[in-house]
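Below are the chains, spelled out letter by letter.
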Amino acid sequence: MMLQDGSTQLLCLTASSGVPLFTRGASKQLPFSVIGSLNGVHMFGGGQGVLLSSCETERGGKVVWRVFQDSVMLIAVNGGQGGGGGSSRGEELSLQRLLENVWSSMVLVLGQDELASVRNVERLKRDLRSCFSLIDQLLEEKQEGIMGNLTHCADCLVPPNPTLLQEAVENFTQAADSEFGCLMVHGRIAVATEKWWRLAPQEVVLLSALMRSLSASGSASCDYPVFLPHGSPTVAHRLLRFQLLPGADVCVLCGPTPSLLRAETTLVGRFWLPLADTLRDCLAVGERCLPGSVSLRPDVLALLLINRETRRSVSCVRASSDSSVPSRARCWELLKLFYIFSTTRYFSQEETLCVSPEEKPQRSSCEDFAPGFSHQPLQCYLVTEECKCYTLQTPQHQLFLLTPLSVPTFALRTVATHTLSAITAATGF
């Protein structure tokens, strides 16, 4: 039944009868008989009082089940070697987060009421098509530069002049009769209002993903109804999005006013036209995500910096012509694998990702660290055949770093502390 190595297929069925609602992912679809078996074994376990949450196959694959609202069952099937960091627990963490994100994406687009009570299966199948672009984005494991789907921290870009942009987004949001607004640059949040940051971390991540999806459609503006999976799963809000420049978009969450036409014709130009040059400077930061004032050491291949207090992150991969170091795409993949490796072995996950109190995980995603020791690890390193990796944790930050093999192992800590100091001193991140 296995898929090709590394590919993931997502199955969605009704929880009560096992009727398939959709499948997404791997190009080679699983046979209907296999889908029926996956549903049947879960139902059999439930009938015997056993909750089947995951299993491994003989060929190293992984299957994860999750039922939401006693209505919809999501099943993720992975062909193996696709993001577990060499760990069964890591593979499970990645797939469980995928299921949580997919369910919340469905709630974001359709609302919880329509999903919690399936009255007309054929109608629900049609409605779910509107979620496919967002779900496909979550399934794209090798999407470069986007880590929030895994970390549940907002992917951010630090602009060179944040004060002007922050003032503009706040004034624009207020003029649109809202308190929830943000500016996105290259698919990452550059600045946002205080209320936007108060949304649940998963909501911020999924709204960013939706914005990227809407931007990819090529429309200059849109008025899109959304439900907040945590804050407002049954009452829709309006998401107004406007393209300011190619790669720069502003959005607000608002009520019935203003109309899309009024906001586009009277508000966008008023607040953003004077900042055209500032926006271009912000766009120039590019996928580095850090302004020129941050000087990174030449021995840093890639980094992921998480602010644990604000649940925000910045990540980047350095371009290199050295054939002895991994390619840019491979560095992104290794960075994600190292994040999973570190967080499933050493660093606990403070934020629960449950979508409702009754759906808490059955066990922690972090393995027991050295039973008998009362302290928590603050640093770890890993030497692979491709690069060296180092994690540094402070009360406020987590830094995940990739360096070339040429960097002495004893110097990794110095490289990490210097990198953390350089970023925080220059940006206050």
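Undergrad: What exactly am I supposed to notice about the nonpolar core here?
TA: Buried together is how nonpolar side chains tend to be arranged in soluble globular proteins. Counting 72 residues, the largest nonpolar core has Met106, Ile189 and Trp196 as its most contacted members. Apart from residues no more than four positions distant in its own chain, Ile189 is found in contact with Ala154, Asp155, Cys156, Leu157, Cys182, Leu183, Met184, Trp196, Trp197, Val204 and Ser208.

Undergrad: It is not clear to me how the packing of aromatic side chains should be interpreted in this structure. Could you clarify?
TA: How two aromatic rings sit relative to each other is given by the distance of their centres and the angle of their planes. According to the stated counting rule, one finds 10 aromatic pairs in the structure shown. Note on Phe338 and Phe400: the rings are 6.3 Å apart at their centroids and 80° apart in plane angle, and the pair reads as edge-to-face. Here Phe400 lies in strand β16 (residues 397-403) and Phe338 lies in helix α12 (residues 328-345), a separation of 62 residues in the sequence. For the pair Tyr346 and Phe347, a centre-to-centre distance of 6.5 Å together with 65° between the ring planes defines the contact as edge-to-face. For Phe347, a relative accessible area of 1% translates into the label buried. Put simply, the rings of Phe338, Tyr339, Phe341, Tyr346, Phe347 and Phe400 pair up and form one aromatic cluster. In this structure, Arg24 packs its charged tip against the face of Phe132, placed 4.2 Å from the ring centre.

Undergrad: What is the right way to look at the pairing of strand β9 (residues 221-228) in this model?
TA: Strand residues, when the strand is regular, have side chains that alternate between the two faces of the sheet. Most of β9 is tucked away: six of the eight residues are buried. Note: β9 against strand β10 (residues 232-245), seven bridges, orientation antiparallel. From the neighbouring strand, Val226 faces β10, where its bridge partner is His237. Counting the residues that bridge the hairpin from β9 to β10 gives three residues.

Undergrad: Quick question: what am I supposed to make of helix α7 (residues 162-175) here?
TA: Turn by turn, an α-helix covers 3.6 residues, leaving residues three or four places apart pointing in a common direction. Here α7 is 14 residues long and its end C-alpha atoms lie 20 Å apart, about the 20 Å a rise of 1.5 Å per residue gives. Those residues of α7 lying buried are Leu165, Ala168, Val169, Phe172, Thr173 and Ala175. Looking down the long axis of α7, one finds its buried residues gathered within 160° of arc, a one-sided arrangement. The exposed set on the far side of α7, more than 90 degrees from its buried face, consists of Thr163 and Gln174. Positive phi shows up at Asp177, right after α7, with a value of about 60°.

Undergrad: So what exactly am I meant to see when it comes to the confidence of the model for the protein here?
TA: Predicted coordinates in areas of low pLDDT are best not read in detail. Taken residue by residue, the protein gives an average pLDDT of 86. The fraction at 70 or more is 89%. Here residues 351-366 scores under 50 on pLDDT; set against residues more than four positions off or in separate chains, the count is 41 contacts.

Undergrad: Would you explain the pattern of salt bridges in this entry?
TA: Side chains carrying opposite charge are able to pair once their charged atoms draw close together. Under the criterion given, the structure shown has 15 salt bridges. Residues Glu287 and Arg328 are paired through a salt bridge, measuring 2.5 Å at the closest nitrogen-oxygen approach. Remark: Arg328 occurs in helix α12 and Glu287 occurs in the loop between α11 (276-284) and β12 (302-307); sequence separation between them is 41 residues. The class for Glu287 is partly exposed, based on a relative accessible area of 41%. Between Glu386 and Arg330 there is a salt bridge, and its shortest N-O distance comes to 2.7 Å.

Undergrad: What should I look at first to understand the environment of Met211 in this one?
TA: Inspection of the secondary structure puts Met211 in helix α9 (residues 201-216). On the basis of relative accessible area, Met211 is assigned to the buried category, the value being 1%. Between the C-alpha atoms of Met211 and Leu240, which are 29 residues apart in sequence, the distance is 10.0 Å. Setting aside chain neighbours within four positions, we find Met211 in contact with Met184, Leu239, Arg241, Asp249, Val250 and Cys251.

Undergrad: Teacher, can you tell me more about the pairing of strand β2 (residues 20-25) here?
TA: Pairing analysis gives five bridges linking strand β1 (residues 8-14) to β2, with the strands arranged antiparallel. Note on β2: the bridge partner recorded for Gln9 is Gly25. Between β1 and β2, which pair antiparallel one after the other, the connecting turn spans five residues, and Gly18 there sits at a positive phi close to 75°.

Undergrad: For this particular structure, what's the right way to read the sheet that holds β12?
TA: By way of backbone hydrogen bonds, the strands of a sheet pair with one another, either parallel or antiparallel. Ordered in space as β6-β13-β12-β16-β15-β14, the six strands form an open sheet in which the pairing is mixed. Where the open sheet ends on each side, the last strands, each with one partner, are β6 (154-155) and β14 (379-383). Along the sheet, helix α13 (residues 412-427) contacts β12, β14, β15 (388-393) and β16; its crossing angle with β16, the most-contacted strand, is approximately 125°.

Undergrad: Explain the packing of helix α5 (residues 132-139) against α9 to me, please; I cannot follow it from the model alone.
TA: Each pair of packed helices can be described by the angle between their axes along with the distance between the axes. It is the contact of α5 with α9, at a shortest axis distance of 10 Å, that shows an interaxial angle of 110°. With respect to each other, α5 and α9 are oriented roughly perpendicular. You can see that α5 and α9 cross each other, and the crossing is right-handed. Contacts between α5 and α9 involve Ser133, Leu134, Gln137 and Leu138 on the former and, on the latter, Leu206, Ala209, Leu210, Arg212 and Ser213. Residues belonging to the contact of α5 with α9 are distributed by class as follows: five nonpolar, three polar and one charged.

Undergrad: I would appreciate a short explanation of unusual backbone geometry in the present structure.
TA: Note on backbone geometry: most residues besides glycine have negative phi, and most peptide bonds are trans. The step from Thr257 to Pro258 runs through a cis peptide bond, and the omega angle for that step is 0°. Looking at where Pro258 falls in the secondary structure, it is placed in the loop between β11 (248-254) and α10 (260-272). At Gln69, a position not held by glycine, the phi torsion is positive, near 55°. Looking at the element boundaries, Gln69 is found in the loop between β4 (62-68) and β5 (72-78). A positive phi angle is found at His152, which is not glycine, with a value near 55°. Position of His152 among the secondary structure elements: in the loop between α6 (148-151) and β6. Relative accessible area serves as the criterion here: at 0%, His152 is assigned to the buried category.

How each quantity is defined
Residues numbered from 1 in each chain as written. Predicted model: local features only at pLDDT ≥ 70, side-chain atom pairs only at ≥ 80, totals over all residues. Heavy atoms only, no water. Core = buried A, V, L, I, M, F, W, Y, C linked by side-chain atoms within 4.5 Å. Buried < 20%, exposed > 50% of the residue type's maximum accessible area, 1.4 Å probe, protein only. Contact = heavy atoms within 4.5 Å. Phe/Tyr/Trp six-rings, centres within 6.5 Å; stacked < 30°, edge-to-face > 60°. Helix = DSSP H or I, 4+ residues; strand = E, 2+ residues; numbered from the N terminus. Lys NZ or Arg CZ within 6 Å of the ring centre and 35° of its normal. Pairing = 2+ DSSP bridges. Expected span 1.5 Å × (residues − 1). Arc of directions from axis to C-beta. pLDDT = per-residue confidence, 0-100. Salt bridge = Lys/Arg side-chain N within 4 Å of Asp/Glu carboxyl O. Axes fitted to C-alpha atoms, helices over the stretch in contact; angles between N-to-C directions. Parallel < 35°, antiparallel > 145°, perpendicular 65-115°, else oblique. Left-handed = near helix turned anticlockwise from the far one by under 90°. Nonpolar A, V, L, I, M, F, W, Y, C, P; charged D, E, K, R; others polar.

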